[in-house]
Amino acid sequence: MTKADQNHEVAKPATAKADSRPSTPPGTMAPGRRTMPADYSISLRPGYGADAPNVKPGERRQSLRGFEDTYTDIVDYIVRITHRIWEDQDVGYIYDTYSPGCRLYDDSGVHFGVEQLVHGTMQSINAFPDCRHYADDVIWAGTDEEGFVTSHRAINIGHNTGPWRWGQPTGRKLETWVIANCVVRDNEIYEEWVLYNTAAKLQQLGIDVLAAAREFGNAVTFPTLSERPFAEVDRIEGGRKPLPYPAAERPGFDVEYEVRRLFHDVYNRRDLSAVDRVYAPTVRWHGTTNRTGYGRSDVRGMARNLLATFPDLGVRVDEVYWMGNESDGFSVSVRWTGAGTHRGYGLYGEPTGRRVHLWGISQLYFAQGRIVEEWSLFNEFDVLAQLLRDEPERG
């Protein structure tokens, strides 16, 4: 991992506050105040929690008022409930760890209520009953008073030995990764944003991704743009050119400012040279549908492909939180929304002229002010469904 120090045994209180917020360009959302952990004393380490069943978590290391006594800190909580639900197959534990009216945002839109989550989990476990979920990292922020936010990246390994939406079992091996961002208070998750890397799963199982996306888009439950709960993302407001990102309000390195400026410069200003300014020359990049890359040129290549595919693409950063400090580096979670029209050649072949909704989660790892590693997913399978679905019949 790119964290500088993962060997602390005793946690320091997570009391680092972002004492101000940078200006944001038109169309972006200014976040609320949130406590950011100033070090990595509470973080995922090799052999942590559920992945080391013979290691007891120990005494509580963080104030978790309202949480079950068994959990020592918020990282322990998110890793172990995942293990209990998915690997122990205690699906009913969802009733204890998700609020009854929880909101779940995934590749196919927004869903409400705990019962649909129980149903979907049972379907997945039936299709991949031996699937293991290895926690790869958890970026978190918050307190028990404010509520916690977590960005949990996991590696999924298993075999398709049960039927599911995409047909009868293939017996093939699945090995891919996912990101789930949760909002947690009093032992319950009441909002979750999760990307399942669906196209990668289908590829590995030998399923025709384009045919599956068309079928998915033609389903009666598939949400149209007007049914999706996201604000319109306009790159050019009122016919004006996209303005440069505002100058920093204070000297020194401000990780949130750098992240917001990066997304604005690359995707709204079309300034791909911003990649050279923010990324390390040897950056390692991991993307949707198990793409991988090394170096700034691969990072620029993915951004260039998206901008060529959707020439009017606009992006808004919806949420940023982080762990760390300038000495040890920063681990940053970014959730973002995009919208654009398929008018160019890049990722998806012949332009369809259709407008699509994109959203994604990125985990960025900074060392000495530069991004040295990135893990990013967006709703690619959903985007394909938006592009390939049949035109509705006219009455």
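Structure shown above.
Every value quoted in this text rests on a predicted model; they were computed, and no experiment measured them.

A. Geometry of the overall build of the protein. Counting its regular elements, the protein contains nine helices and 14 strands. When contacts within the protein are restricted to residue pairs at least 6 apart in sequence, long-range pairs at least 24 apart make up 66% of them. Just so you have it, the protein exposes about 17500 Å², and 49% of that area is on carbon and sulfur atoms.

B. Examining the packing of aromatic side chains more closely. All told, the structure shown has 17 aromatic pairs when counted by the stated rule. Taken together, a centroid distance of 5.3 Å and an interplanar angle of 80° make the contact between Phe 128 and Trp 164 edge-to-face. Pair noted here: Phe 128 is in the loop between helix 3 (114-127) and strand 5 (132-143) and Trp 164 is in the loop between strand 6 (147-159) and strand 7 (173-185), with a separation of 36 residues, a long-range link. Comparing Phe 128 with Trp 164 shows no difference in burial state: the two are buried. An aromatic cluster of three or more residues is present, and its members are Phe 67, Tyr 71, Tyr 77, Trp 140 and Phe 148. One residue, Arg 84, lies across the ring of Tyr 93, its end atom 3.6 Å from the ring centre.

C. How the structure looks around the sheet that holds strand 9 (residues 279-287). Strand order across the open sheet formed by six strands is 10-9-14-13-12-11, with mixed pairing between neighbours. Of all strands in the sheet, those bounded by a partner on one side alone are strand 10 (291-294) and strand 11 (314-325). The sheet shows a mean angle of 15° between the axes of neighbouring strands, taken without regard to direction. Direction of pairing for strand 11 relative to strand 12 (residues 329-341): antiparallel, over a ladder of 11 bridges. Along strand 12, the bridge assignment pairs Met 323 with Ser 331. Those strands touched by helix 6 (residues 255-268) are strand 9, strand 11, strand 12, strand 13 (355-367) and strand 14 (370-378), and its axis lies near 155° from that of strand 11. Most of the contacts of helix 8 (residues 296-309) go to strand 9, to which it runs at about 55°, and overall it touches strand 9, strand 10, strand 12, strand 13 and strand 14.

D. Quick peek at helix 3. A rise of 1.5 Å per residue sets the reference length of helix 3, with its 14 residues, at 20 Å; its end C-alpha atoms lie 20 Å apart and thus fit the reference within 8%. When we look at burial in helix 3, the residues that qualify are Val 114, Leu 117, Val 118, Thr 121, Ile 125 and Ala 127. Of the surrounding elements, those touching the buried residues of helix 3 are helix 1 (74-87), helix 2 (94-97), strand 3 (98-106) and strand 6.

E. Structural detail: the pairing of strand 12. Of all the 13 residues making up strand 12, 13 are buried; the element is thus mostly covered by neighbouring parts of the structure. Going residue by residue along strand 12, you find Gly 329, Ser 331, Ser 333, Arg 335, Thr 337, Ala 339 and Thr 341 tucked away on one face and Phe 330, Val 332, Val 334, Trp 336, Gly 338 and Gly 340 tucked away on the opposite face as well. The pairing of strand 12 with strand 13 spans 12 bridges and is antiparallel. Residue pairing for strand 13: Gly 338 is matched across the bridge by Leu 358.

F. Focus on the sheet that holds strand 4 (residues 109-112). Here we have six strands laid out as an open sheet, ordered 4-3-8-7-6-5, and mixed in their pairing. One side of each edge strand has no neighbouring strand; the edge strands of this open sheet are strand 4 and strand 5. Taken over all neighbouring pairs, the strand axes of this sheet differ in orientation by 15° on average, direction set aside. Note: strand 7 against strand 8 (residues 188-195), seven bridges, orientation antiparallel. Bridge assignment links Ile 179 to a residue of strand 8, and that residue is Leu 195. The strands that helix 1 touches are strand 3, strand 5, strand 6, strand 7 and strand 8; relative to strand 5, the one it contacts most, it runs at about 145°. Its contacts with the sheet put helix 3 on strand 3, strand 4 and strand 6, and the angle it makes with strand 3 is roughly 60°.

G. A look at unusual backbone geometry. Phi is positive for Gln 89, which is not a glycine, with a value near 60°. One non-glycine residue, Gln 368, lies in the positive phi region at around 55°.

H. Broad picture of the environment of Ile 236. Structurally, Ile 236 can be placed in the loop between helix 5 (209-218) and helix 6. Residue Ile 236 is classed as partly exposed on the basis of its relative accessible area of 39%. Note: C-alpha distance between Ile 236 and Leu 313 (77 residues apart in sequence) is 9.9 Å. Setting aside chain neighbours within four positions, we find Ile 236 in contact with Lys 241 and Pro 242.

I. Layout of the environment of Asp 312. Among the secondary structure elements, Asp 312 is positioned in the loop between helix 8 and strand 11. On a C-alpha basis, the gap between Asp 312 and Tyr 267 in space is 9.5 Å, while along the polypeptide they are 45 residues apart. One polar contact links Asp 312 to Arg 355, side chain to side chain, over a distance of 3.3 Å.

J. Region of interest: helix 1. Taking 1.5 Å as the rise per residue, helix 1 with 14 residues should run 20 Å; its terminal C-alpha atoms sit 19 Å apart, in good agreement. Of all 14 residues in helix 1, 12 are buried; the element is thus mostly enclosed. Residues of helix 1 that are buried include every one of Ile 74, Val 75, Asp 76, Tyr 77, Ile 78, Val 79, Arg 80, Ile 81, Thr 82, His 83, Ile 85 and Glu 87, and no others. Its side-chain oxygen 3.1 Å from the backbone nitrogen of Val 75, Asp 73 forms the N-cap of helix 1.

Cut-offs and rules
- Residues numbered from 1 in each chain as written.
- Predicted model: local features only at pLDDT ≥ 70, side-chain atom pairs only at ≥ 80, totals over all residues.
- Heavy atoms only, no water.
- Helix = DSSP H or I, 4+ residues; strand = E, 2+ residues; numbered from the N terminus.
- Contact = heavy atoms within 4.5 Å.
- Areas by Shrake-Rupley, 256 points an atom, 1.4 Å probe, with all protein chains shown as cover.
- Phe/Tyr/Trp six-rings, centres within 6.5 Å; stacked < 30°, edge-to-face > 60°.
- Buried < 20%, exposed > 50% of the residue type's maximum accessible area, 1.4 Å probe, protein only.
- Lys NZ or Arg CZ within 6 Å of the ring centre and 35° of its normal.
- Pairing = 2+ DSSP bridges.
- Axes fitted to C-alpha atoms, helices over the stretch in contact; angles between N-to-C directions.
- Expected span 1.5 Å × (residues − 1).
- Polar contact = N/O pair within 3.5 Å; in protein donor to acceptor, adjacent residues only side chain to side chain.

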